[in-house]
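# Observations on the model geometry
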Number of protein chains: 2
Amino acid sequence: MSEGEFDLIARIRRRIAVRDDVALGIGDDCALLAPPPGMQLAVTMDTLNAGVHFPADTAPADIGWKALAVNLSDLAAMGAQPAWCTLALSLPQADAAWLEAFCDGFFALAQQHGIALVGGDTTRGPLSIGIAAHGFVEPGMALRRDGARAGDEVWVSGTLGDAAGALAQWQAGAAIAPPLRARLDRPTPRVALGRALRGIASACIDVSDGLLADLAHITRASGVGADIEADALPASDALRETFAIDAMRRLQATGGDDYELCFTAPASRREAVQALAARLRLPLARIGRIVAGNGVHCAGLGPVVPGYQHFA
Amino acid sequence: MSEGEFDLIARIRRRIAVRDDVALGIGDDCALLAPPPGMQLAVTMDTLNAGVHFPADTAPADIGWKALAVNLSDLAAMGAQPAWCTLALSLPQADAAWLEAFCDGFFALAQQHGIALVGGDTTRGPLSIGIAAHGFVEPGMALRRDGARAGDEVWVSGTLGDAAGALAQWQAGAAIAPPLRARLDRPTPRVALGRALRGIASACIDVSDGLLADLAHITRASGVGADIEADALPASDALRETFAIDAMRRLQATGGDDYELCFTAPASRREAVQALAARLRLPLARIGRIVAGNGVHCAGLGPVVPGYQHFA
């Protein structure tokens, strides 16, 4: 079914949540928004391209979910509260059924986090989804990459390697274990964790390119090194059952797309972190320590390529 | 020349302007920004795809300029002061020379308007440039589409049809008149005009899809109609010299990509508008009148397709 650009926009508008701080939403040259007094605005923008960021056979509802999830994950990694987003959707053709399914996934996640879609555009082109997401954080409370100090402990939420495990199976043409596929297609942005880590974590990043690569962003920004134990990396049952131990460790250490949070905290805050894990019912694994020096060293892991780079 | 994603980002970072309200720019999961107290935030996001929004042979510096210009134009159309932007760049391959040229155009325009690039991403994919732009406007002072009232006069800045004239020549395989090509490749966002129209204009939009189509957005949002005189539409000398009168009128009325402002104002503000034209050294043409009813009627023009629609 084909329809015009404005019909597509009308389909999207019907789904949008209401927020008091949106003075003017979709339908003018700009959205007009009222940031809360005294708060900093956290802004991120991530694009997903078909065949690059998700397999071409990904369900449109999962594409909608994931495109928003990766942006919410960036807000989570800063400790920001999600508020508004804009959506730039490039579609090869106007397909109402595709768009409705995309919206199902997108707005299911948007509703969970109370984020309002306030603008954007739909254009004709190769399938691509760009989202800019906005959130709020108190000045001085954001979780940056440059606050890790020697002696801090390194933590990671949830489990690692699941999304990369699904992708490895997909690339091998194998049947994909459903729990792994779910982690690839519907990542969970750790927004509540990010908020709760304000005042506890010294640095934080989300695991999008692979743990070693993302932790290296923290060590580089902070001017420190990190010693990680491969045995301490958390694995899901599905990953353990699907891969041999060496392959599993590589997926955990270098696989992208998990969207867990990797963070550092002073050793004195260990109990506070453990209490958070209990309160949020989210496992938080202590995987190593920040040290003087530079680079990320992972004991118990063979030679690896540290993480995904576009154009590498 | 090919290089990695982080080298590309480093190339971009070297060019960025400093603003006091950017607490944290490119290089973390989010930018951290300090909106000025009491101001509304105006947010827009527009994407340009190669072959759809610009001819494939467009110079990279012009692509950089235009991608930012179309977003600044949206801020202008709201009367907002540009502040920050994010850039999502999809490139088929990492090409340092291409990126440096793109940055030449992008940052030349960014500098003119004091807008800081604060984040975004570079990904591999078909050439596409997505930008989210942020500006400030006093509450209640934004130029919306829904404020036109019967009796208001309709105005347009600069000249119309130049960009569409260039595109028509390009599509015909003809040599493109340089003044027209310049208007297609390097549109001028009317930021100063938009700011100056606060308190004068009753409604405003930028001419991106074609005058009749864009003015119809105003009449629909405002619940009014508009009567326009084709003879009153402003034309450049280059357009007059290049096209016969009928073709010229069609380009002026329906051609997109001029990024002039079309606005309405009470007849009582006619002298204020004319004074603005003199102060800004920018011609402002009175092209018609808002009337009761609906639709845009253009006297002196044959049957036309009203404007560009994706997927139409």
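Refer to the structure presented above.
Starting afresh in each chain, residues are numbered from 1 along the sequence in its written order. For naming, the first written chain is A and the first written ligand is 1, with later ones following in the order written. Residue-level local features of this predicted model are given only where pLDDT is at least 70; pairs of side-chain atoms are given and counted only at 80 or more, and the full residue set underlies all totals for whole chains, interfaces and linings. Only hydrogens and water are removed before side-chain values are computed, so all heavy atoms of the structure are retained for them.

Now for helix H3 (residues 96–113) of chain A. All names here are of chain A. An ideal rise of 1.5 Å per residue puts 26 Å on 18 residues; H3 measures up with 25 Å between its terminal C-alpha atoms. If you check which residues of H3 are buried, you get Ala 96, Trp 98, Leu 99, Ala 101, Phe 102, Cys 103, Gly 105, Phe 106, Phe 107, Leu 109, Ala 110 and His 113. Between N or O atoms, a polar contact is any pair within 3.5 Å; within protein, one atom must be a potential hydrogen donor and the other a potential acceptor, and residues adjacent in sequence are included only when both atoms are from side chains. Secondary structure follows DSSP: runs of H or I at least 4 residues long count as helices, runs of E at least 2 residues long count as strands, and numbering of each begins at the N terminus. Where H3 starts, the residue carrying a side-chain oxygen 3.1 Å from the main-chain nitrogen of Ala 97 turns out to be Asp 95. With its phi angle positive at about 60 degrees, Gly 114 sits one or two positions after the end of H3. The span expected for a helix works out to 1.5 Å for each residue beyond the first. We call a residue buried when its accessible area falls under 20% of the maximum for its residue type, exposed when it is over 50%, and partly exposed in between, using a 1.4 Å probe and counting protein chains only.

Think of a sheet as strands paired side by side through backbone hydrogen bonds, with each pair either parallel or antiparallel. Only when DSSP finds a minimum of two bridges between them are two strands counted as paired. Spatial strand order, S1(A)-S2(A)-S3(B)-S6(B)-S4(B)-S5(B): six strands in an open sheet with mixed pairing. Two strands in the sheet have a free side with no partner beyond their single neighbour: strand S1 (22–24) of chain A together with strand S5 (116–124) of chain B. Direction aside, neighbouring strands of the sheet carry axes that sit 20 degrees apart on average. As judged from the three bridges shared by strand S2 (residues 31–33) of chain A and strand S3 (residues 40–49) of chain B, these two strands associate in the antiparallel manner. Its bridge partner lying in S3(B), A:Leu32 is registered against B:Ala42. The sheet contacts of helix H2 (residues 60–78) of chain B involve S1 and S2 of chain A together with S3, strand S4 (81–91) and strand S6 (128–137) of chain B, and relative to S3(B) the element is tilted by about 145 degrees. The strands touched by helix H3 (residues 96–113) of chain B are S4, S5 and S6 of chain B; relative to S4(B), the strand with the most contacts, the crossing angle is about 170 degrees. Angles shown run from 0 to 180 degrees and are taken between the N-to-C directions of axes, each axis being a line fitted to C-alpha atoms and, for helices, limited to the stretch in contact. Whether two residues are in contact is decided by their heavy atoms: any pair within 4.5 Å suffices.

Before going further, it helps to spend a moment on the nonpolar core. Judged by nonpolar contacts, the single largest core of 60 residues is most densely connected at B:Leu68, B:Ile129, B:Leu197, B:Phe263 and B:Leu284. Here this core takes 11 residues from H2(B), the largest share from any one element. Those residues within four positions of B:Leu68 in sequence are excluded, and the remaining contacts are B:Cys85, B:Phe106, B:Leu109, B:Ala110, B:Ile115 and B:Ile131. Think of a nonpolar core as a cluster: buried Ala, Val, Leu, Ile, Met, Phe, Trp, Tyr and Cys residues, connected wherever their side-chain atoms sit within 4.5 Å. One finds A:Leu68, A:Cys85, A:Leu99 and A:Ile115 within the second-largest nonpolar core, a separate group that totals 42 residues.

All names here are of chain A. On the basis of which strands lie adjacent, the open sheet formed by six strands has the order S8-S10-S7-S11-S9-S12 and mixed pairing. Strands with a single pairing partner mark the edges of an open sheet, and in this sheet they are strand S8 (203–206) and strand S12 (295–299). Neighbour-to-neighbour, the strand axes of the sheet open up by a mean angle of 25 degrees, direction not taken into account. Two strands pair when backbone bridges link them, and strand S7 (residues 153–157) and strand S11 (residues 284–291) are joined in this way by five bridges, in the antiparallel orientation. When the sheet's bridge partners are listed, Val 156 is paired in S11 with Ala 285. Of the strands in this sheet, S8 and strand S10 (261–265) are in contact with helix H2 (residues 60–78), which crosses S8 at around 175 degrees.

Moving on: the state of the cysteines. Formally, a disulfide is one covalent bond, and it connects the sulfur atom of one cysteine to the sulfur atom of another. All names here are of chain B. Pairs of cysteine sulfur atoms within 2.5 Å are what we label disulfides. Applying the stated criterion across every chain, the model contains zero disulfides over all chains. The thiol of Cys 262 is not disulfide-bonded; the next cysteine sulfur, from Cys 204, is found 7.6 Å away. For Cys 262, a relative accessible area of 0% puts it in the buried group. Cys 262 provides the cysteine sulfur closest to Cys 298, a residue in no disulfide bond, and the two sulfurs are 11 Å apart. Here Cys 298 falls in the buried class, since its relative accessible area comes to 16%.

What follows covers the pattern of salt bridges. Residues and elements named next belong to chain A. By definition, a salt bridge exists where a carboxyl oxygen of Asp or Glu is found within 4 Å of a side-chain nitrogen of Lys or Arg. Here the structure, examined in full by the defined rule, presents 40 salt bridges over all chains. Notably, a salt bridge pairs Asp 57 with Arg 181, separated by 3.6 Å at the nearest N-O pair. Taken as a pair, Asp 57 in the loop between strand S3 (40–49) and H2 and Arg 181 in helix H5 (residues 178–185) lie far apart in primary sequence, 124 residues in all. With relative accessibility at 49%, the residue Asp 57 sits in the partly exposed group.

We now examine the interface of chain B and chain A. Between chain B and chain A, the residue contacts involve 65 residues of the former and 65 residues of the latter. Computed with a 1.4 Å rolling probe, the buried area is the accessible surface lost when two parts are put together, summed over both parts. Interface area for chain B against chain A, summed over the two sides, is near 5,100 Å², with a carbon-plus-sulfur share of 58%. Counting every contact that joins chain B to chain A gives four salt bridges. With a closest N to O distance of 3.6 Å, B:Asp28 and A:Arg145 form a salt bridge. The interface formed by chain B and chain A includes 21 residue pairs in polar contact (both at pLDDT 80 or more). No other element matches the nine residues that S3(B) contributes to the side of chain B that touches chain A.

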